[in-house]
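Okay, here's what each chain looks like letter by letter:
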Amino acid sequence: MPKIEEVKALVEAGKAKLVPALVQEALDEGNSAKNILQAMVDSMRVIGDKFSAGEIFVPEMLMSAKAMSKGVDVLKPLFAGQSTSSLGTCIIGTVEGDLHDIGKNLVSMMIGSAGFDMVDLGVDVSAAKFVEAIKENKNVNVVACSGLLTTTMPKMMETVQTLKNCGLSGFKVIVGGAPVSAEFAASIGADAFALDAGSAAVKAVELVKG
Ligand code: B12
């Protein structure tokens, strides 16, 4: 089996300890970091479908998530940007009530590699915490909110509205996550939406460069 297929299988099987070495082997075999990352994202889709079908449960989902995160750690240096001057500061977090962070971490990695200084607030971040972070950090020009659950979409709306009405300015808000669409983003007053981590970075640059 090609190494990249083995990576996919091991992420699906939740073998966190074995994934890093295999990701390295897949790189050594000539696969690009981008393709290996995509293979792991595909694995998570399979895991989500199996969860929906009742074939696996939360613990298995968690093990696959850990396995993917370990694999991403190996790829991270390969995505690091070369830009020397900062485009500004981007605050990122997963909205309140939501504990999913793999997508958020990938978006953080890509926006960071596009030249932003990243401040990652983690998961389950309240609207107030986002506002505090804007006050506490210098040159914040982008705030990125992630949400993976339909049940936390109202929290995303609350977060964007709080950010827009908090009396601070100079920053734009970008939102994303599997249940979020461009229409939803526009309806809650976000400045931008992106479907995946790569386009999130492109959008973030556009937001500050105009
Ligand atoms: C792994 C996982 C978990 C792990 C998360 C671990 C972790 N550290 O993240 C654990 C086990 C904790 C978990 C828990 C739950 N989960 Co879950 N989970 C998943 C799973 C399988 C994969 C998510 C993932 O990492 N995908 C891979 C990444 C790369 O993709 P992504 O997150 O979508 O991110 C990309 C884009 O969306 C975008 N993006 C993401 N964020 C942002 C932000 C910005 C600003 C931008 C521009 C773009 C952007 O770019 C990313 C990279 O390209 C999904 C299935 C799926 N298909 O998504 C279910 C899924 C999201 N979970 C689901 C559910 C129901 C739950 C639970 C409620 C289960 C339960 N009964 O307890 C809990 C909720 C816990 C909570 N309060 O958050 C459902 C949600 C259904 C819904 N419509 O709301 C899903 C869809 C599974 C399913 N098919 O039913 N889960």
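## Brief notes about the pattern of salt bridges
Between side chains of opposite charge, pairing is possible as soon as their charged atoms come close. Applying the stated rule across the entire model yields eight salt bridges. Between R45 and D42 there is a salt bridge, and its shortest N-O distance comes to 3.4 Å. Note that R45 and D42 are positioned in helix α3 (residues 33-52) at a spacing of three residues, about one turn of the helix. Notably, a salt bridge pairs E158 with K155, separated by 3.3 Å at the nearest N-O pair. You can see E158 and its partner K155 sitting in helix α7 (residues 153-164), three residues apart, about one turn around the helix. Given the relative accessible area of 37%, E158 is considered partly exposed. Three or more residues joined by partner-sharing salt bridges are found here, namely K3, E6 and E25.

## Looking at the sheet that holds strand β4 (residues 172-176)
Taken together, five strands build an open sheet; the order of strands is β2-β1-β3-β4-β5 and the sheet is parallel. This sheet does not close on itself; its edge strands, each paired only once, are β2 (116-120) and β5 (192-193). Across the sheet, helix α6 (residues 127-136) lies against β1 (88-94) and β3 (140-146), angled at about 160° from β3, the strand it touches most. Against the sheet, α7 contacts β3 and β4, and its axis sits at roughly 175° relative to β4.

What counts, and where the lines are drawn
- Residues numbered from 1 in each chain as written.
- Predicted model: local features only at pLDDT ≥ 70, side-chain atom pairs only at ≥ 80, totals over all residues.
- Heavy atoms only, no water.
- Salt bridge = Lys/Arg side-chain N within 4 Å of Asp/Glu carboxyl O.
- Helix = DSSP H or I, 4+ residues; strand = E, 2+ residues; numbered from the N terminus.
- Buried < 20%, exposed > 50% of the residue type's maximum accessible area, 1.4 Å probe, protein only.
- Pairing = 2+ DSSP bridges.
- Contact = heavy atoms within 4.5 Å.
- Axes fitted to C-alpha atoms, helices over the stretch in contact; angles between N-to-C directions.

Spatial relationships are all this shows, so hold off on functional conclusions.
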